[in-house]
Amino acid sequence: MPETKKHVAICGGGLVGAMMACYLAKRGYKVDIYEMRPDIRLMDVVRGRSINLALSCRGREALKGVGLEAEIVKNVIPMRARMIHDLNGKRRPIPYGTKDQYIMSIDRRNLNELLLSAAEEYPDVRMFFSHKLISCDFHKGEAEFRNEKGDNIRTQVDFIIGTDGAFSAVRQQMMKLKLFDYQQVYIPHGYMELNIPPNNNNEFAMEANYLHIWPRNEFMMIALPNLDRSFTATLFMPFDMFESLDTEEKVMDFFKEKFPDSIELIGAEELTKTYMSSKALPMVSIKCKPYHVGNKCVILGDAAHAIVPFYGQGMNCGLEDCIVLNELLDSYNDDLTQALPEYTRMRHPDATAISDLAMYNYIEMRSHVNSTMFLLRKQLDNILHKLFPQTWVPLYTMVSFTRTRYHECISHRQWQDKIVNRGITITTIGAGLGVAFGLYWLHKSGAVNSIGNLMKSARLIEGLADWLKAGKSLEAIEATKDRKKWRTMIANAVKQGT
Ligand code: FAD
Ligand code: EGO
């Protein structure tokens with residue numbers, strides 16, 4: 001640490017801002033947190049985003065780094081497997097991995113409050129609630145806020161950290177600078193949260209230690225357990241569908257058709273009441289670059305990389321950002337001139353990777369994942385992992401239970417796809433040879449008497465092999481497990497062969 005304490009203004013006291021405050025206070029920085037909302041610790045109800053979240057390895061490691069893991073983990077519910085709900089209400093579990101591989105359901109508000117209180121424990125941390133960032137001057141290290149009275153407050157610091165979420169005001173200021181890249185995409189789906197209360201015996205209405213998933217292609221629903229023995233279910237559906245269900249009757253008919261077992265769990269009356277009285281919320285994916293401005297500013301968390309929630313990694317990634325920045329401050333002895341550019345260089349490929357993975361999951365789940373597909377895919381992954389524990393690590397496992405850099409998770413997956421393709425090619429050729437020999441034997445024994453028939457069979461096999469090779473990845477092949485598609489596929493191959 002240099003002679004004088006570095007003074008930082010953190011804009012946004014959400015999960016990532018409060019966490020970064022702990023890391024910097026621990027380094028001995030003088031930290032001021034400015035948060036737009038009033039102090040959530042003093043509020044009755046906090047409106048806003050998701051009630052509970054899936055916390056996994058990366059977030060957990062970040063908590064460990066500031067000595068908070070043990071305390072946080074007391075207030076979570078482990079989810080050791082997914083529970084897949086099919087259309088008949090049948091539930092099937094698929095474990096995430098070994099005993100110690102589980103994700104955790106955590107209450108957003110509780111986590112945020114604990115992090116704020118932990119930050120406040122450090123001597124040189126100050127918090128300014130109801131202070132909204134209006135503008136900043138990166139050159140001078142100045143920031144301007146507006147408080148609840150409408151007064152403008154200015155401050156000057158050594159550097160500014162933007163942890164003010166997906167619609168970051170800090171990032172908006174950065175957008176005025178030259179060479180700043182920015183991309184924003186809204187997906188057609190919205191989300192709505194529904195409550196599944198405890199049953200009449202005040203127990204969890206479903207198995208507690210699971211991430212409950214209702215995969216229905218275009219429509220998806222998940223439910224995470226809460227400490228009060230309720231679940232928070234999240235329905236993901238295209239906005240136009242949300243809008244088209246505009247009467248209680250239509251809502252009920254939709255749920256009867258798509259999520260029949262959930263009606264009893266939520267309660268028919270509560271379901272229609274909540275649905276009619278709440279608005280579906282949008283989901284946005286935002287990429288930008290760089291994450292820093294000279295040695296004066298850096299953005300972390302959703303402010304730098306808002307991602308769609310289909311991997312359960314947004315918060316985990318944001319919390320891991322704090323580890324990465326802290327480690328770079330270690331490496332460069334708190335020299336921001338070196339640490340901040342290096343932060344962008346290190347982190348941008350990883351944030352881009354998880355953003356793409358999350359978007360990919362969204363596209364994939366929406367277009368071909370129903371409950372059968374989900375079960376098949378995850379079971380195959382588990383079997384291969386049991387057979388080759390070192391080499392076959394499922395992508396979800398690598399992302400959620402290790403700190404393998406996100407961009408390396410992607411390259412590992414591409415490698416796996418190659419292996420799967422090779423496996424399929426070899427199996428096909430093997431099967432082809434087997435059939436050819438069989439036919440040859442039949443021919444010799446007089447059962448098949450024309451060489452023409454043999455050639456036809458060979459072409460049939462060739463056709464199948466070509467098709468299988470054409471499916472570039474496991475996804476492409478599984479996608480066509482759709483019975484209808486299979487049937488036309490095979491019919492075409494047969495046509496080609498005959
Ligand atoms: P935020 O949590 O958005 O905090 C930003 C803070 O900045 C807020 O307190 C805000 O009031 C404040 N602020 C905003 N503007 C200003 C301003 N101008 N001045 C001052 N303060 C300001 N992630 C997971 O890891 N697992 C999950 O299971 C998961 N599920 C999700 C489900 C849904 C439906 C959604 C939408 C997201 C989910 N996420 C999940 C992602 C996760 O919510 C975010 O990645 C995470 O909240 C990001 O934290 P943050 O601190 O960067 O931003
Ligand atoms: C085939 C089968 C292709 C978030 C399954 C892809 C995400 C994706 C939103 C789950 C778990 C935490 C989540 C798995 C897949 C949270 C998650 C997964 C959802 C939706 C979520 C899994 C909150 C994708 N993790 N996940 O493997 O269990 O697999 F279903 Cl809609």
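Coordinates for the structure precede this section.
Please read all numbers here as calculations on a predicted model, not as lab measurements.

> Give me the lowdown on the environment of Glu 257, citing residues and values where you can.
Following the sequence through the fold, Glu 257 ends up in helix α7 (residues 248-258). Measuring from C-alpha to C-alpha, the distance between Glu 257 and Asn 88 comes to 9.9 Å, with 169 residues separating the pair along the chain.

> An account of the site of ligand 2 is requested, with residue identities and associated values reported.
Around ligand 2 lies a shell of 20 residues, among which Arg 82, Tyr 96, Phe 374, Lys 378 and Tyr 396 are the nearest. Between Tyr 96 and ligand 2, the recorded distance is 2.9 Å, taken from a side-chain N or O atom to an oxygen atom. Measuring from a nitrogen atom of ligand 2, one finds a side-chain N or O atom of Tyr 396 at 2.6 Å. Expressed as a share of its isolated accessible area of 640 Å², the protein-covered part of ligand 2 is 97%. Residue assignment for the shell around ligand 2 shows that the elements contributing at least two residues are β14 (210-216), β15 (219-225), α11 (336-368) and α12 (371-387). In terms of residue class, the shell around ligand 2 is made up of 14 nonpolar, two polar and four charged.

> Summarise a nonpolar patch on the surface; cite the residues concerned and give the values.
There is a patch of nonpolar side chains on the surface, built from Ile 383, Leu 387 and Phe 388 and spanning about 310 Å² of accessible area. Inspection of the secondary structure assignment puts Phe 388 in the loop between α12 and α13 (395-401). Overall, the relative accessible area of 43% leaves Phe 388 in the partly exposed class.

> Can you tell me about the sheet that holds strand β9 (residues 132-137), naming the residues and giving the values?
In space, the three strands of this open sheet follow the order β9-β10-β11, with antiparallel pairing throughout. What marks the edges here is a single partner per strand, and that holds for β9 and β11 (152-156). Along the sheet, successive strands turn relative to each other by an average axial angle of 25°, direction set aside.

What counts, and where the lines are drawn
Residues numbered from 1 in each chain as written. Chains lettered and ligands numbered in written order. Predicted model: local features only at pLDDT ≥ 70, side-chain atom pairs only at ≥ 80, totals over all residues. Heavy atoms only, no water. Helix = DSSP H or I, 4+ residues; strand = E, 2+ residues; numbered from the N terminus. Near = heavy atom within 4 Å. Polar contact = N/O pair within 3.5 Å; in protein donor to acceptor, adjacent residues only side chain to side chain. Areas by Shrake-Rupley, 256 points an atom, 1.4 Å probe, with all protein chains shown as cover. Nonpolar A, V, L, I, M, F, W, Y, C, P; charged D, E, K, R; others polar. Patch = residues over 30% accessible without salt bridge, like charges linked within 9 Å, V, L, I, M, F, W, Y side chains within 5 Å. Salt bridge = Lys/Arg side-chain N within 4 Å of Asp/Glu carboxyl O. Buried < 20%, exposed > 50% of the residue type's maximum accessible area, 1.4 Å probe, protein only. Pairing = 2+ DSSP bridges. Axes fitted to C-alpha atoms, helices over the stretch in contact; angles between N-to-C directions.

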